[in-house]
Amino acid sequence: MAYNTRPLKRAQDGVAPQYYNPTTDEYEALHGTAGANHVVIYGPDGQPASLATEAKLEAVRALLALLEGKDFATDTKAEAIRLLLASLDGKNFASETTLAALGTELELLKAELADVKTMLTDGTAKGEVTLSGTIVRDVLGYFSTSVAGGRQFFGATGPISPAGTLRPLDIRGFRKISIYFLNGSPTFGTRNKLRVTFHRTLDVQSPENAFAIAPQYEFDNVPANGSFRLLLTSDLSDLAGTPPDGLAIRYLPDLVGLVFSYDQASTGADGDKIILFSGVR
Amino acid sequence: MMSLINEIPVVNGHIILGDGLSVDFVSFQQMFGEATTFQELLDIDGNEKGYADYFQKLRTEGVI
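Residues numbered from 1 in each chain as written. Chains lettered and ligands numbered in written order. Predicted model: local features only at pLDDT ≥ 70, side-chain atom pairs only at ≥ 80, totals over all residues. Heavy atoms only, no water.

Examining the packing of helix H2 (residues 38-45) of chain B against helix H3 (residues 52-60) of chain B
Residue and element names in this part refer to chain B.
Reasoning step 1: Between H2 and H3, the least distance of the axes is 10 Å, while the angle of their chain directions is 170 degrees. In terms of axis orientation, H2 runs roughly antiparallel to H3. When H2 is examined against H3, the residues Phe-38, Leu-41, Leu-42 and Asp-45 are found in contact with a partner set consisting of Ala-52, Phe-55, Gln-56 and Arg-59.
Reasoning step 2: Residues that form the contact of H2 with H3 fall into these classes: 5 nonpolar, 1 polar and 2 charged. (Axes fitted to C-alpha atoms, helices over the stretch in contact; angles between N-to-C directions. Helix = DSSP H or I, 4+ residues; strand = E, 2+ residues; numbered from the N terminus. Parallel < 35°, antiparallel > 145°, perpendicular 65-115°, else oblique. Contact = heavy atoms within 4.5 Å. Nonpolar A, V, L, I, M, F, W, Y, C, P; charged D, E, K, R; others polar.)

Shown next, in the form of structure tokens:
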């Protein structure tokens, strides 16, 4: 049907304000509020548009407020950006080829590192490592003797038997003292333990009868052909890194003299015993 | 028969006896290389060389 085939609505005194409704194919009376017709606004999609509410308006206002005071791009800044972009022109950036070449170099480096790791772990490089530094270890005393048959004492001088006298080893000013003892006898181990004592003076004295100063240390006997390593240190960090073939203990610093002794049953010269004192200041 | 001391771990050519003590393997082999039993080790030591306690420890730990 069409609008021009339908009858108009009439009011009391004539034709009423109306509109044509194509859905019902009828004219329908107009309604309004505050002197105006009701109006439906359609959006670009042909659907009735949602009207702005107070809440939506407030949200828009808040967004606009955010833009207030913003420093937008100026011509000066745009020019600065253009210059920066221009400066990139002609740069030699990494190409696929250069990246591939770099990858090859890295693979070669990786292989060489693996070889080095193998050398260090399988012993190939054993003896080829060079250490350098400024640590100076002073040799304080060296003794080589086959004397046995009783306890033998060593200090700055020695060896002497319990009935003898000697001058203790001067350890003043040393932070670390190392004692190496090799029992060169293939027949007898030592007995009655190794012994390290400290002395208050460097005077010639009888070590067996000297006034005892704590600490005194006794260590396990050294078997035939065996060796003993001892580190006396005032540095506590040494105690965390005790070498696997050595014994580290702490000693009281500021002591004056040291005496080392061993006892062995051998009655003859069946192998030299070696005593080496060294120190680090 | 294989020497019993070949079962003992060697570090840098030395046998670590503990508590700062060690012995080089060559010397050790010269002394005990012919032993094939625990008793032979003790016999060679003769309670003089000073290894009896160490051998006992190795036996307790199941090394030899």
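Continuing now.
Brief notes about unusual backbone geometry
Reasoning step 1: A cis amide bond links Gly-158 of chain A to the next residue, Pro-159 of chain A, at an omega of -5 degrees.
Reasoning step 2: Phi at Asp-25 of chain A takes a positive value of approximately 55 degrees, unusual for a residue other than glycine.
Reasoning step 3: Considering the arrangement of structural elements, one finds Asp-25 of chain A in the loop between strand E3 (18-21) and strand E4 (26-29).
Reasoning step 4: The phi torsion at Asn-47 of chain B lies on the positive side, around 60 degrees, for a residue other than glycine.
Reasoning step 5: Assignment of secondary structure puts Asn-47 of chain B in the loop between H2 and H3.
Reasoning step 6: In this structure Asn-47 of chain B comes out as exposed when scored by relative accessible area, which is 70%. (Buried < 20%, exposed > 50% of the residue type's maximum accessible area, 1.4 Å probe, protein only.)

Digging into the packing of aromatic side chains
Residue and element names in this part refer to chain A.
Reasoning step 1: According to the stated counting rule, one finds 18 aromatic pairs over all chains in the structure shown.
Reasoning step 2: Ring centres 6.2 Å apart and planes at 80 degrees place the aromatic pair Phe-143 and Phe-277 in the edge-to-face group. One end of the pair, Phe-143, is in strand E7 (residues 137-145); the other, Phe-277, is in strand E16 (residues 273-280), and 134 residues separate them in sequence. Each member of the pair, Phe-143 together with Phe-277, is buried.
Reasoning step 3: A centroid spacing of 5.1 Å and a plane angle of 40 degrees characterise the contact between Phe-181 and Tyr-262, whose relative ring orientation is tilted. Of this pair, Phe-181 sits in strand E10 (residues 176-183) while Tyr-262 sits in strand E15 (residues 257-263), and the two are 81 residues apart along the sequence. Both residues of the pair, Phe-181 and Tyr-262, count as buried.
Reasoning step 4: A connected cluster of aromatic rings, assembled from ring pairs, spans Phe-143, Phe-154, Phe-181, Phe-260, Tyr-262 and Phe-277. (Phe/Tyr/Trp six-rings, centres within 6.5 Å; stacked < 30°, edge-to-face > 60°.)

Considerations on the nonpolar core
Reasoning step 1: Within the largest apolar cluster, 44 residues are counted, with the highest numbers of intra-cluster contacts made by Val-196, Leu-232, Leu-258 and Phe-260 of chain A together with Phe-28 and Tyr-51 of chain B.
Reasoning step 2: It is helix H1 (residues 25-32) of chain B that contributes the most residues to this core, 4 residues altogether. (Core = buried A, V, L, I, M, F, W, Y, C linked by side-chain atoms within 4.5 Å.)

Digging into the interface of chain B and chain A
Reasoning step 1: Of the residues lining the interface, 14 residues belong to chain B; the matching set on chain A comes to 18 residues.
Reasoning step 2: Between chain B and chain A, roughly 1300 Å² of surface is buried when both sides are summed, and carbon and sulfur atoms account for 52% of that area.
Reasoning step 3: For chain B, the biggest contributors to the area lost against chain A are Gly-20, Leu-21 and Glu-48 of chain B; these three give 37% of the whole.
Reasoning step 4: Taken together, chain B and chain A are joined by 0 salt bridges. (Buried area = accessible area lost by both parts, 1.4 Å probe. Salt bridge = Lys/Arg side-chain N within 4 Å of Asp/Glu carboxyl O.)

Quick look at the pattern of salt bridges
Residues and elements named next belong to chain A.
Reasoning step 1: A full pass over the atoms with the stated rule returns 10 salt bridges over all chains.
Reasoning step 2: Measuring nitrogen to oxygen at the nearest pair gives 2.8 Å for the salt bridge that ties Arg-61 to Glu-58. Pair noted here: Arg-61 and Glu-58 are both in helix H1 (residues 54-67), with a separation of 3 residues, about one helical turn.
Reasoning step 3: Look at Arg-61 and you get partly exposed, because its relative accessible area is 48%.
Reasoning step 4: As a salt-bridge pair, Glu-79 and Arg-82 come within 2.7 Å of each other at their nearest N and O atoms. Here the residue Glu-79 and the residue Arg-82 both occupy positions in helix H2 (residues 75-88), the gap between them amounting to 3 residues, near one helical turn.
Reasoning step 5: What makes Arg-82 partly exposed here is its relative accessible area of 45%.
Reasoning step 6: Shared partners join several salt bridges into a network, and the residues in it are Arg-6, Asp-25 and Glu-26.

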